[in-house]
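One letter stands for each residue in the lines below.
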Amino acid sequence: FWITLCWAVVLVAGGISLYLSSAIRLVRNKELGRGLALGAAALGPMILSAALTSMDLDFTPMGLGISVCLLFVLNWRYRILDTLPVARRHVIEHLTDGVLVTDLGGRILDLNPATETILQTSAANLLRRPVWAAVAEAAVDVEEAEVESLASSLVSSGDPILNEFHTRSGRAIEVSADCVRGEDGEPLGLYAVLRDRTERRRYENFLRHTQRLETAAGLAAGVAHEVNNPLAYVCSNLSHIDRMIEMLAEQSASLSGKKAEEFEELRMVIAESLDGVQRISGIVDRMRRFASLSQGELGEVELNAVAGEALKLSLIHI
C-alpha cells in the first residue's frame, strides 16, 4: 500500500509540476488565458479533492479522473502546449514581413503587426477568420475559392506555396506558405509569410526600361554611323553643284523671263538642300554623342549649352 501510495504521489506531483511550469511559461510569454487554463486544470481538481477529503469525502480518484480529462482536452484537443501561435514574439513583432499562423481549417490564430500593415486591416478583423477571406478582401485579383484550394492542397500534399497578389492600393505582395508540424511530423496548422515586393517590382521595371534605353542607344550609334557615310557624299555633291551654280551665275544675267526665275529657284533649292543636310548631320552627331559610352573629362560645363542640346534632342523625339 505504501509503495503504491508513494508511486502515485510521485507521479501526481511530477505531472502537476510539469504542467505548472508550462503554465508559468505561458503566462510569462503574455499568453495569460492559456496559462491560467492549464494551471486550473492541473491544480483545480486536486484542491477540490483536498477540501472534500477534509469533510470525510473521498474525492481523490474522481479528482484524478477530472484532471486527466481536462488535461487531455487542453493538450490533445486544443493543443495548448503546442507552439502553434507565433513563436518568439519579441523578435517576430519587429519584422517588416507579415507572419500569420492558422489552424488546419485555415482560421487565423496569430499574426504580427506587419501583417496588419500589409493587409491594411486590424488584428481584431483577422483573428479567427479564414485566411482566404482575409486575402481575398485585401487583393484585387484573387478569389476566396482559389486561396482555399491552395490551402487544401498544401495540407494534403505538404508542398510549400509561393504566390503573389496585388492589393487595392497597387502594392505587390508575395506569399510563401507551408505547414506547421508537430514533433511527430503531423501538420498542426499553416503559416504564411507576406512580403511587400512593390519597390522590388518597381526597380525591376526600371532596370528593364534602362536596358531598353541602352539597346536603343546602341542602335542609335549604329544608325548614326551608317547615316554619316552617305550623308558625307550627298553634302559633297551638293557643295559641288553649288559651286557650279556660282560659276554660272555670271551667265544668268543674260537670261530673262522664265529661265531666269528657274535659275534662281535652282539656287534656292540647292541652298535649302545643303541646309537640310547640315541639320541631318547635326542630328546624327548628337545621336552619336548621346550613345557614346565615354565618360569624358571632369571640368566646367556651360549649362546653357547642355540645356540647348537637351532641348534639341527633345525636339527630335517630338
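Right above here is the structure, for reference.
These numbers were taken from a predicted model, which means no experiment stands behind them.

About the cut-offs
Residues numbered from 1 in each chain as written. Predicted model: local features only at pLDDT ≥ 70, side-chain atom pairs only at ≥ 80, totals over all residues. Heavy atoms only, no water. Pairing = 2+ DSSP bridges. Helix = DSSP H or I, 4+ residues; strand = E, 2+ residues; numbered from the N terminus. Axes fitted to C-alpha atoms, helices over the stretch in contact; angles between N-to-C directions. Phe/Tyr/Trp six-rings, centres within 6.5 Å; stacked < 30°, edge-to-face > 60°. Buried < 20%, exposed > 50% of the residue type's maximum accessible area, 1.4 Å probe, protein only. Contact = heavy atoms within 4.5 Å. Patch = residues over 30% accessible without salt bridge, like charges linked within 9 Å, V, L, I, M, F, W, Y side chains within 5 Å. Areas by Shrake-Rupley, 256 points an atom, 1.4 Å probe, with all protein chains shown as cover. Salt bridge = Lys/Arg side-chain N within 4 Å of Asp/Glu carboxyl O. Lys, Arg positive; Asp, Glu negative; His and termini not counted. Charge placed at Lys NZ, Arg CZ, Asp CG, Glu CD. Parallel < 35°, antiparallel > 145°, perpendicular 65-115°, else oblique. Left-handed = near helix turned anticlockwise from the far one by under 90°.

Draft legend 1. Broad picture of the sheet that holds strand 3 (residues 161-166). What the five strands build is an open sheet, ordered 2-1-5-4-3; its pairing is antiparallel. The strands lining the two open edges of the sheet, one partner per strand, are strand 2 (108-111) and strand 3. Strand-to-strand, the axes of this sheet are offset by a mean angle of 25°, without reference to chain direction. The pairing of strand 3 with strand 4 (residues 172-181) spans six bridges and is classified as antiparallel. Bridged to isoleucine 161 within strand 4 is alanine 177.

Draft legend 2. Molecular detail of the packing of aromatic side chains. One pass over the full model with this rule turns up one aromatic pair. With 5.3 Å between their ring centres and 75° between their planes, phenylalanine 1 and tryptophan 2 make a pair best called edge-to-face. The class of phenylalanine 1 is exposed, set by a relative accessible area of 70%.

Draft legend 3. Structural context of the side chain of aspartate 103. Relative to the assigned elements, aspartate 103 resides in strand 1 (residues 98-103). Setting aside residues up to four positions removed in sequence, aspartate 103 forms contacts with Leu109, Leu188, Gly189 and Leu190.

Draft legend 4. Region of the structure containing a negative patch on the surface. Taken together, the side chains of Asp141, Glu143, Glu144, Glu146 and Glu148 make up a negatively charged region of the molecular surface. Of note, glutamate 148 is situated in helix 8 (residues 144-157). Overall, the relative accessible area of 36% leaves glutamate 148 in the partly exposed class.

Draft legend 5. Main features of a nonpolar patch on the surface. A cluster of nonpolar side chains, Phe1, Trp2, Leu5 and Val9, forms an exposed patch at the surface whose accessible area comes to about 500 Å². Locating leucine 5 in the fold gives a position in helix 1 (residues 2-28).

Draft legend 6. Looking closely at the packing of helix 1 against helix 2 (residues 32-53). Relative to each other, helix 1 and helix 2 sit at 155°, their axes nearing to 7 Å. It follows from the interaxial angle that helix 1 and helix 2 lie roughly antiparallel. Taken as a pair, helix 1 and helix 2 cross one another with a handedness that is left-handed. For the pair helix 1 and helix 2, contact is made by Ile16, Tyr19, Leu20, Ser22, Ala23, Leu26 and Val27 and by Leu32, Arg34, Gly35, Leu36, Leu38, Gly39, Ala42, Leu43 and Met46, respectively.

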